[in-house]
Amino acid sequence: MRNNTQYSPSFEPSVSMIAKLGINSASDIVRTLEQKLISLVQTCKTPKQLRQIQSQIIVNATDYQNRLVSSLFLSKCSELKQINYAREVFDQLPDRRYTSLWNVLSKGYLQNDVYDEVMVLFRDMLRENVKPNCYTLPVVLKSCCKSLALKEGEEVHCVAIKNGFKSNTYVGTNLIDLYSGGGHVGLAYRVFTDMVLRNVVSWTAMINAYVANGDLISARELFDLAPERDVVLWNRMITAHIESGDMVEAMNLFDVMPCKDLMSYNTLLNGYANNGDVEGCERLFAAMQDRNIFSWNGLIGGYAHNGRFNEVLDAFQRMLKEPDVQPNDATLVNVSSACARLGDLDYGKWMHKYAIDNGYRGNVYVCNGLIDMYAKCGLVECAMDVFKSMDKKDLISWNTIINALAVHGHGADALSLFSEMKNAGEKPDGITFIGILCACSHMGLVEEGVALFRSMTNEYAIEPQIEHYGCVVDLLARGGLLEQAMEFVHNMPIKADSVIWTSLLAASRVHKKIEFVELSLQKLIKLDPKNPAIYVTVSNIYGEDRNWEERARLKVAMRNTGSKKVPGYSAVETGDGIVEFYAFDESHSKTEEIYHALRGLTKLLWLSGYETELMELDLES
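What counts, and at which threshold
Residues numbered from 1 in each chain as written. Predicted model: local features only at pLDDT ≥ 70, side-chain atom pairs only at ≥ 80, totals over all residues. Heavy atoms only, no water. Helix = DSSP H or I, 4+ residues; strand = E, 2+ residues; numbered from the N terminus. Expected span 1.5 Å × (residues − 1). Buried < 20%, exposed > 50% of the residue type's maximum accessible area, 1.4 Å probe, protein only. Phe/Tyr/Trp six-rings, centres within 6.5 Å; stacked < 30°, edge-to-face > 60°. Lys NZ or Arg CZ within 6 Å of the ring centre and 35° of its normal. Contact = heavy atoms within 4.5 Å.

### Thoughts on helix H31 (residues 498-510)
Over its 13 residues, H31 extends 18 Å from the first C-alpha to the last, a length consistent with the 18 Å expected when each residue adds 1.5 Å. Along H31, the residues classified as buried are Ile 500, Trp 501, Ser 503, Leu 504, Leu 505, Ala 507 and Ser 508. Looking one or two residues beyond H31, the residue adopting positive phi is Lys 512, at roughly 60 degrees.

### A few points about the packing of aromatic side chains
In total, this model carries 18 aromatic pairs according to the counting rule given. Ring geometry for Phe 223 and Trp 234: centres 5.1 Å apart, planes at 85 degrees, overall edge-to-face. Of this pair, Phe 223 sits in helix H14 (residues 216-225) while Trp 234 sits in helix H15 (residues 231-243), and the two are 11 residues apart along the sequence. There is no split in this pair, since Phe 223 and Trp 234 are both buried. Their ring planes at 65 degrees and their centres at 5.4 Å tell us that Phe 453 and Tyr 469 sit as a pair that is edge-to-face. Placement of the pair is Phe 453 in helix H28 (residues 446-458) and Tyr 469 in helix H29 (residues 466-478), with a sequence separation of 16 residues. Grouping residues by exposure puts Phe 453 and Tyr 469 together as buried. A network of ring pairs unites the aromatic residues Tyr 189, Phe 192, Trp 203 and Tyr 210 as a single cluster. In this structure, Arg 291 packs its charged tip against the face of Phe 285, placed 4.3 Å from the ring centre.

### Considering the environment of Ile 434
Here Ile 434 is to be found in helix H27 (residues 430-443). On the accessibility criterion, Ile 434 (25% relative accessible area) is partly exposed. Beyond its immediate chain neighbours, meaning those up to four positions away, Ile 434 contacts Asn 403, Glu 467, His 468 and Cys 471.

Functional significance is not addressed by these values, which are geometric in nature.
Dropping the structure here:
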């Protein structure tokens, strides 16, 4: 508000004002003051206005209004994220014997995620001999549950028993959540049995406790005994079976569920998708009479989760034709991911424009998906443009762009962004270090890379995983320091996997270190004896070294494994969509035309002086 004086009227009662209002009694004055102050609190929008109102409360409020209006004021402080100021005001109140005042501040701490202060306030309350009521204890127990403070929660339980709340439904339900969250499902059940009146929320809490602690049998037994089951309880039990991978039992429960709603259908839909049953997901989706955004996201997410990326785009197009359903950020993230996996840059660009036109320009989740999409399609500059356009960035934003730059050979830019990230106050994680170690590897910055690797534990307390060790091995091996790389592998606290030994094998090939080739081969055969790619790679190395005897031996060894190398495939975008094909693929309907064009291109290459390895093509036909 530009003119704050308009909002902060001086409201001091005077003889002239009373005469003007026609107020003849003290109670009318009190009521008018109360209504005015309440109105000011309810319409408050900023912390500055909050402080102006507090001055009016101090000047005008009697003891009665101080209790009533102060409760509303403390609540407004919480709403405006001014919880510390609320505590300052609370500490200055002349009369704090009313439990409701303590409850309001306690709830404010909970709503602002300041869980430890809830327990501090509760102890202050007991110290001042203010008796808690049935509204006090659930808030304190929720805070203990959120902060995993089981010991403090047990203290609150004792207070509840002493004050006669042992069998209180609301207190008991929160105690069940507390004990089950700490893994003490037996104590949770004891609280449940001590409750005189159990409502459907209590039954749901106890069933949740069993599910959370991996006891699906007890959860189902209790569910079958429940005297009342609402849609939430039915959905929770169905979800429990889905999470255990038992879609048959989930479907059986769904079939007998008397109160199905759209959420029930969406729950089962996501269950099929997450358990890999795309056909079941499609059947249920087709049978649904009503669908909302979560229904469509369940189908689209199911396709994405199971690698059916073309279907993701098809479903998205169908969704756009629905007049009552609008895509949200989750939808757009799945679509951008599908575009990235398919390499469908044109569709990705169209989706980017759609996101901007529909109000998602600054959405962190959508922008993160776009960065990844552009990076995977090779347009690092576009990915960087999206990153720079973001007003707010999270850790995933930084990690995505840093890894994108590193993978595409922009190592210097990746390291520069890493410095910016630290200056912005964003703490790196393990994924960040994969990117910067990869950048150092591509740039040949061995010393810098090793120093960054050590900083993971020394500065950031991040325990290196196998991926980080693999990056260091690759860093040393690419730099020609194969002896140091081998020594590093032997000193690793984690056993080297096939990725690390494959990295060493590739470096040994580049640097012509046959002895390391043979060592890497031995390790790889032990780890993955039926992987034909290992034999093919080493066979090629022996061929380059003109060691025909060893090459022949490896080909025999590969044949004896009975494995065949899975061919790689490429994808190209045509007017008909994305087409995937393998080397020497003949499955396409236009195979003859494709090979005719390829032969023509090959002849042109030969005429231009280029040598090719397409010897298998019958160029004379």
